[in-house]
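The primary structure of each chain is shown beneath.
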Amino acid sequence: MSRTRDHQVGLPARRAATNLLDAVLQKKQPLDDVLGRAQDGGYMFDLPARDRALARAIVGTSLRRRGQLDAVLNSFLERGLPAKAGTLYPILLSGAAQLLFMNVPAHAALDLAVRLAQWDPKAKRYDKLVNAVLRRVADKGTEILSKLNAPRVNTPDWLWDRWVRAWGKERALEIAASHLVEAPLDLTVKSDPEGWAERLEGRVLPSGSVRLLPKGRIEELPGFSEGGWWVQDVAASLPAKMLGDLAGKRVADLCAAPGGKTAQLLLAGATVVAVDSSPTRLKLLEQNLKRLGLAAETIQADAATWQPEERFDAILLDAPCSSTGTIRRHPDIPYLKSDKDIAELAGLQARLLDNAVSLLKPGGTLVYSTCSLEPEEGEAQVAALMARNPAIRIDPLRPDEPFGDTEWAQASGILRTFPFQFQLDSPEWSGMDGFFAARLTREG
Ligand SMILES: C[S@@+](CC[C@H](N)C(=O)[O-])C[C@H]1O[C@@H](n2cnc3c(N)ncnc32)[C@H](O)[C@@H]1O
């Protein structure tokens, strides 16, 4: 294949990556939304699987390494980035990512980036700038990178400051370092973890989850359509387990969609009422349960005000949150969320908690969880609930129950996980989402 033809072959994937980065970083759209749209008709709908995978890898690397890439680019953009330049910034960012972190040969990365600029009416007058800047990135970028603290510079200040305040500098660095590597794919299986691990070339984790390295579309993996398993990070599988054996119990799963925890509650023997305010997400939950051969009553309602006639033996409240514990999987979060979002979400979580408590039978159990590293959405939320409502107590994790003796169980009896935990033998196989969960009881 000639060099020109080779480059043309790589163009659609680069164009998709540029458009995806433009949507996330310049138009502030969540990556999952634009990728989702891509499947059914948007950015990548007509690309073969190999190009889709390449586009995703370019986008992931550009977001994970954005701080380093910006530092390198800025040192060659003497007058900064021109305004109103269309996709110029995503072209430079993704070009630098390919040169510095993806082993793409310089001639290919440069040629493709220049073509992308020429194709965009707003960026085309900067085609020579693209060529000049990326040439310097190829020559000098590695040297500049060697002077940077990668975990720190790839974490925006607003998150870095929060994590240092909450967890100290050492842990903040460990959290940030974990975000440089894409997360593995964890599955919760209905049964036979060893069998599924063998079929999917995965490993069984001590918790019973099966871990794989991400490969292609999830819907195409063996066992998906027959409902043998569902995708759920190992940390996300822990809160429902804190409710223990639920045989014969009536359980409300508030904020239930897409249903990973509903499925766990059903398999633990509960009769489940699954509540979510989003009709589209509730539909997804229904589809997921159907695929898994499970059934729950589903209700579309605002869980902050919902008042059914009967109270529940147990409640799981897996509240909407900033999701800063899932940045390994969602590297766009640092650039889309803010302190303001966290304050607003904390207000909603408090209202959800107050209503959840009112739905609990005396002596009943409530597990409150979030996939956030922010204490306002976890530890502080529970402390404030107990101050408002003296009948609520923490029912501490005991050393003799599953994972009660792990580093995730805190002295106060709550669960707190970090993305740098769960280290296996290589970074690609390691890590877990950052999660908070507390088991609470209502006395009287
Ligand atoms: C963290 S997700 C839940 C994940 C789910 N528990 C699982 O394990 O698959 C939060 C959910 O809360 C829902 N939600 C947000 N605000 C809500 C509200 N006021 N009432 C009910 N559901 C809400 C969202 O639609 C979203 O599906």
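Nothing here was measured: the structure is a model prediction, and the numbers come from that model. (Residues numbered from 1 in each chain as written. Predicted model: local features only at pLDDT ≥ 70, side-chain atom pairs only at ≥ 80, totals over all residues. Heavy atoms only, no water.)

Enquirer: Help me out: how do you make sense of the nonpolar core in this one?
Expert: Core analysis: the biggest nonpolar cluster contains 48 residues, and Leu25, Leu63, Leu73, Leu92, Val130, Leu134 and Val137 have the highest contact counts within it. Broken down by secondary-structure element, the contributors of at least two residues to this core are α1 (3-26), α2 (31-39), α3 (49-64), α4 (66-76), α5 (88-101), α6 (106-119) and α7 (127-145). Broken down by element, this core gets its largest block of residues, nine residues, from α5. Discounting chain neighbours no more than four positions away, the residues touching Val130 are Leu88, Ile91, Leu92, Ala113, Val114 and Ala117. (Core = buried A, V, L, I, M, F, W, Y, C linked by side-chain atoms within 4.5 Å. Buried < 20%, exposed > 50% of the residue type's maximum accessible area, 1.4 Å probe, protein only. Helix = DSSP H or I, 4+ residues; strand = E, 2+ residues; numbered from the N terminus. Contact = heavy atoms within 4.5 Å.)

Enquirer: Looking at this model, I keep getting lost on the layout of surface pockets. Mind explaining?
Expert: The gaps left among the atoms become clear once a water-sized probe is rolled over them. Size it by volume and the second largest pocket reaches roughly 320 Å³. Elements with a contribution of two residues or more to the lining of the second largest pocket: β1 (185-189), α12 (238-241) and α13 (260-267). The class makeup of the residues in the lining of the second largest pocket is nine nonpolar, seven polar and two charged. (1 Å grid on protein atoms, 1.4 Å probe; cavity = no way out; pocket = protein on both sides within 12 Å on 5 of 7 lines; lining within 4 Å. Points joined across faces, edges and corners; volume = space filled by probe spheres on them. Nonpolar A, V, L, I, M, F, W, Y, C, P; charged D, E, K, R; others polar.)

Enquirer: Help me understand the packing of α4 against α5 in this model?
Expert: In a pair of packed helices, the angle between the axes and the distance between the axes together describe the arrangement. At a minimum axis separation of 10 Å, α4 and α5 run at an interaxial angle of 105°. Looking at the two axes, α4 sits roughly perpendicular to α5. Contacts from Arg66, Gln68, Leu69, Asp70, Val72 and Leu73 in α4 reach Tyr89, Leu92, Leu93, Ala96, Ala97, Leu100 and Phe101 in α5. Of the residues assigned to the contact of α4 with α5, the class counts are 10 nonpolar, one polar and two charged. (Axes fitted to C-alpha atoms, helices over the stretch in contact; angles between N-to-C directions. Parallel < 35°, antiparallel > 145°, perpendicular 65-115°, else oblique.)

Enquirer: Looking at this model, I keep getting lost on the UniProt feature "active site" (unreviewed entry) in the chain. Mind explaining?
Expert: UniProt annotation of "active site" (unreviewed entry) refers to Cys371 when read in the numbering used here. Here Cys371 is in contact with Cys321, Ser323, Thr324, Gly325, Thr326, Gly434 and Phe435, once residues within four sequence places are set aside. (UniProt positions renumbered as here; feature names shortened; annotations may be inferred.)

Enquirer: I would appreciate a short explanation of the domain arrangement of the chain in the present structure.
Expert: Interfaces are often sized by the accessible area lost when the parts come together. Annotation of the chain at the domain level lists domain 1 (3-148) and domain 2 (185-442). Of note, the centres of domain 1 and domain 2, computed from C-alpha atoms alone, are 35 Å apart. Across the contact, 13 residues belong to domain 1 and eight residues belong to domain 2. Buried area between domain 1 and domain 2, both sides added, is near 860 Å², and the carbon and sulfur share of it is 56%. The tally of links between domain 1 and domain 2 comes to zero salt bridges. Seen at the junction of domain 1 and domain 2, the total is three residue pairs in polar contact (both at pLDDT 80 or more). (Domains from an automatic or database assignment. Buried area = accessible area lost by both parts, 1.4 Å probe. Salt bridge = Lys/Arg side-chain N within 4 Å of Asp/Glu carboxyl O. Polar contact = N/O pair within 3.5 Å; in protein donor to acceptor, adjacent residues only side chain to side chain.)

Enquirer: Would you explain the site of the ligand in this entry?
Expert: Around the ligand lies a shell of 17 residues, among which Lys261, Asp276, Arg281, Ala303 and Asp318 are the nearest. One nitrogen or oxygen atom from the side chain of Arg281 is found 2.6 Å from an oxygen atom belonging to the ligand. About the coverage of the ligand: the protein hides 84% of its 600 Å² of free accessible area. Among the residues making up the shell around the ligand, the classes are represented as eight nonpolar, four polar and five charged. (Near = heavy atom within 4 Å. Areas by Shrake-Rupley, 256 points an atom, 1.4 Å probe, with all protein chains shown as cover.)

Enquirer: Can you walk me through the packing of aromatic side chains in this structure?
Expert: The geometry of an aromatic ring pair is captured by two quantities: the separation of the ring centres and the angle between the planes. With the rule as written, the count across this model stands at seven aromatic pairs. Between Trp408 and Phe422 the ring centres are 5.9 Å apart and the planes differ by 20°, which places this aromatic pair in the stacked class. Of this pair, Trp408 sits in the loop between β10 (392-394) and β11 (415-416) while Phe422 is found in the loop between β11 and β12 (436-442), placing the two residues 14 residues apart along the sequence. What makes Trp408 buried here is its relative accessible area of 8%. Of the residues examined, Phe422 reaches a relative accessible area of 11% and is grouped as buried. (Phe/Tyr/Trp six-rings, centres within 6.5 Å; stacked < 30°, edge-to-face > 60°.)

Enquirer: How should the pairing of strand β9 (residues 360-370) be read in this particular structure?
Expert: As a general feature of sheets, a regular strand has side chains that alternate between the two faces. β9 sits mainly inside the fold: eight of its 11 residues count as buried. Two elements, strand β8 (residues 312-318) and β9, share six bridges in a ladder whose sense is parallel. Bridging from a neighbouring strand, Phe312 pairs with Leu360 of β9. (Pairing = 2+ DSSP bridges.)

Enquirer: So what exactly am I meant to see when it comes to empty space enclosed by the protein here?
Expert: Applying the stated criterion to the full structure yields two cavities of 30 Å³ or more. As a volume, the largest cavity reaches approximately 100 Å³. In terms of lining, the largest cavity is formed by 14 residues, of which the most central are Arg64, Asn154, His179, Ile327 and Pro334. Going through the elements one at a time, α3, α9 (157-167) and α15 (333-336) are the ones with two or more residues in the lining of the largest cavity. Within the lining of the largest cavity, the residues separate by chemical class into 10 nonpolar, three polar and one charged. If you add up the space inside the second largest cavity, you get close to 30 Å³. Together, Arg14, Ile91, Ser94, Gly95, Gln98, Ala109, Leu112, Ala113 and Leu116 line the second largest cavity. Elements with a contribution of two residues or more to the lining of the second largest cavity: α5 and α6. For the lining of the second largest cavity, the per-class residue count stands at five nonpolar, three polar and one charged.

Enquirer: What exactly am I supposed to notice about the pattern of salt bridges here?
Expert: Between side chains of opposite charge, pairing is possible as soon as their charged atoms come close. The final tally for this structure, using the stated rule, is 29 salt bridges. Arg199 serves as the salt-bridge partner of Glu226, at 3.8 Å between the closest nitrogen and oxygen. Here Glu226 is found in the loop between β3 (210-212) and β4 (229-231), whereas its partner Arg199 is found in helix α11 (residues 193-199), with 27 residues between them in sequence. Overall, Arg199 belongs to the partly exposed group, its relative accessible area being 46%. Each of Asp395, Arg398, Asp400, Glu401 and Arg439 takes part in salt bridges that share partners, so that together they form one network.

Enquirer: Would you explain the environment of Val133 in this entry?
Expert: Along the polypeptide, Val133 turns up in helix α7. Accessibility expressed as a relative area gives 3% for Val133, which makes it buried. Between the C-alpha atom of Val133 and that of Leu73, which follows or precedes it by 60 residues, the distance is 7.2 Å. With residues near it in sequence (within four places) discarded, Val133 still touches Leu73, Phe76, Leu77 and Leu92.

Enquirer: What's the story with the side chain of Arg66 in this structure? I'm lost.
Expert: By secondary structure assignment, the location of Arg66 is in helix α4. In this structure Arg66 touches Leu25, Tyr89, Leu93, Asn154 and Tyr335, once residues within four positions along its chain are discounted.

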